[in-house]
Amino acid sequence: MEDQRRAELIARQGMTIAIDGPAGSGKSTISKKLARALGIGYLDTGAMYRALTWFALSEGIDLADQTAVAAAAEQMPLVMHSDPDDPHYVVGDTEVTTAIREPRISESVSVVATNLPVRHWMAREQRRRMLEARAQGSGMIAEGRDITTVVCPDADVRILLLADPAARLERRTRELYGDIAPEHLETTRKQVEDRDAKDSTVSEFLEPAPGVCVVDSSTLTIQGVVDAVLALVDASLEERAQRS
Ligand code: DC
């Protein structure tokens, strides 16, 4: 589809895109590129779990206290900037964009992400942001673990992004260390396996729910994945244009 027609249809109909997948599947890179190409917002839902972990720790809250952490979610003064060229996160007066990627947060975030009252709050908040963007004649692409299933099962386009374990491990190691030296691969393998095991206790993100399209990024280039998703976006836009 021509860029101009796509932009017109998005302005008229809005667009929500849900992308789930495990660590290292390429979700963030792909989602930012797509948001940029489509001129819509970008929502990194993992960053919200990370920001809450940062906030709870900075307030001295015991992360094991589920009720206190869920209450902290309600009070968290989080501002998220959804520009895919410059996604950044501010809690109160503190810019936390870098801090939420630090190991101390990566190591603790699963405790927060497996807190069911917190998940409930997150899903409601994330869905609200997606639907608001859509209603404003724009849209949002949200990436995470439960976007296609819980947050926005009615998204216009729903994708499960998979990659074989070796490809995921290489990507994640490059992200963390900038290379794939054997010792870095080994440290990352342990982190990724531990995180996936914990995360998969609360969300299913390795098998597609009915109606969710699987895209396997193991053998595709980034542009190849982006093109595959754009084809699904175009199909959704055309189908809705014909119905209206
Ligand atoms: O994608 P990430 O590493 O930034 O995610 C941080 C944590 O939040 C990770 O433990 C997975 C979890 N998460 C989740 O459970 N559901 C989401 N929608 C997004 C992230």
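Residues numbered from 1 in each chain as written. Predicted model: local features only at pLDDT ≥ 70, side-chain atom pairs only at ≥ 80, totals over all residues. Heavy atoms only, no water.

**Here we look at the site of the ligand**
Logical step 1: The full set close to the ligand counts 16 residues, and Arg 50, Arg 119, Asp 146, Arg 195 and Asp 199 are the nearest of them.
Logical step 2: One of the side-chain N or O atoms of Arg 50 is found 2.8 Å from an oxygen atom in the ligand.
Logical step 3: Side-chain polar atom of Asp 146 to a nitrogen atom of the ligand: 2.9 Å apart, as the coordinates give it.
Logical step 4: Contact with the protein chains removes 96% of the 450 Å² of surface that the ligand exposes when unbound.
Logical step 5: Taken together, the elements giving at least two residues each to the shell around the ligand come down to helix 3 (45-58), helix 5 (103-113) and helix 9 (182-199).
Logical step 6: It is helix 3 that contributes the most residues to the shell around the ligand, four residues altogether.
Logical step 7: Looking at the shell around the ligand residue by residue, the classes come out as four nonpolar, four polar and eight charged. (Near = heavy atom within 4 Å. Polar contact = N/O pair within 3.5 Å; in protein donor to acceptor, adjacent residues only side chain to side chain. Areas by Shrake-Rupley, 256 points an atom, 1.4 Å probe, with all protein chains shown as cover. Helix = DSSP H or I, 4+ residues; strand = E, 2+ residues; numbered from the N terminus. Nonpolar A, V, L, I, M, F, W, Y, C, P; charged D, E, K, R; others polar.)

**Description of the nonpolar core**
Logical step 1: Counting 62 residues, the largest nonpolar core has Ile 17 and Leu 52 as the members making the most contacts within it.
Logical step 2: Here this core takes eight residues from helix 3, the largest share from any one element. (Core = buried A, V, L, I, M, F, W, Y, C linked by side-chain atoms within 4.5 Å. Buried < 20%, exposed > 50% of the residue type's maximum accessible area, 1.4 Å probe, protein only.)

**Some remarks on the sheet that holds strand 5 (residues 94-95)**
Logical step 1: Strand order in the open sheet formed by three strands is 3-4-5, and the pairing between neighbours is antiparallel. Strands with a single pairing partner mark the edges of an open sheet, and in this sheet they are strand 3 (78-81) and strand 5.
Logical step 2: One ladder, built from two bridges, connects strand 4 (residues 88-91) with strand 5; its direction is antiparallel. The residue of strand 5 that forms the bridge with Val 90 is Glu 95.
Logical step 3: Running at roughly 30° to strand 4, helix 3 makes contact with strand 3, strand 4 and strand 5 of the sheet. (Pairing = 2+ DSSP bridges. Contact = heavy atoms within 4.5 Å. Axes fitted to C-alpha atoms, helices over the stretch in contact; angles between N-to-C directions.)

**A short note on the pattern of salt bridges**
Logical step 1: Under the counting rule described, the total for this entry stands at 20 salt bridges.
Logical step 2: Among the salt bridges present, the one from Glu 239 reaches Arg 243, with a minimum N-O distance of 3.3 Å. Residue Glu 239 and its partner Arg 243 are located together in helix 10 (residues 222-243), separated by four residues, close to a single helical turn. (Salt bridge = Lys/Arg side-chain N within 4 Å of Asp/Glu carboxyl O.)

**Brief notes about the side chain of Asp 196**
Logical step 1: Considering the arrangement of structural elements, one finds Asp 196 in helix 9.
Logical step 2: Here Asp 196 falls in the buried class, since its relative accessible area comes to 15%.

**Re the environment of Ile 222**
Logical step 1: Position of Ile 222 relative to the elements: it lies in helix 10.
Logical step 2: Take Ile 222: its relative accessible area is 42%, and that puts it in the partly exposed class.
Logical step 3: Here the alpha-carbon distance between Ile 222 and Thr 29, two residues 193 residues apart in the chain, equals 7.9 Å.
Logical step 4: Apart from the residues within four sequence positions on either side, Ile 222 is in contact with Thr 29, Ile 30 and Lys 33.

**Notes on the sheet that holds strand 8 (residues 213-216)**
Logical step 1: An order of 2-6-1-7-8 is seen for the five strands of this open sheet, with the pairing classed as parallel. Each edge of the open sheet carries a strand with a single partner, namely strand 2 (41-44) and strand 8. In this sheet, adjacent strand axes meet at a mean angle of 20° when their direction is disregarded.
Logical step 2: Pairing between strand 7 (residues 157-162) and strand 8: four bridges, direction parallel. Paired with Leu 162 across the two strands is Asp 216, which belongs to strand 8.
Logical step 3: The sheet strands contacting helix 10 are strand 1 (15-20), strand 7 and strand 8, and the helix crosses strand 7 at an angle near 165°.

**Some points on the environment of Pro 103**
Logical step 1: Note that Pro 103 resides in helix 5.
Logical step 2: Owing to a relative accessible area of 54%, Pro 103 belongs among the exposed residues under this scheme.

**A few points about the pairing of strand 1**
Logical step 1: Within strand 1, six of the six residues are buried, which leaves the element mostly enclosed by the surrounding structure.
Logical step 2: Both strand 1 and strand 6 (residues 139-144) contribute to a ladder of six bridges, which runs parallel. Looking at the pairing, Ala 18 lines up with Ala 142 of strand 6.
Logical step 3: Here four bridges tie strand 1 to strand 7, and the two strands are oriented parallel to one another. Counted as the bridge partner of Ile 19 is Ile 159 from strand 7.

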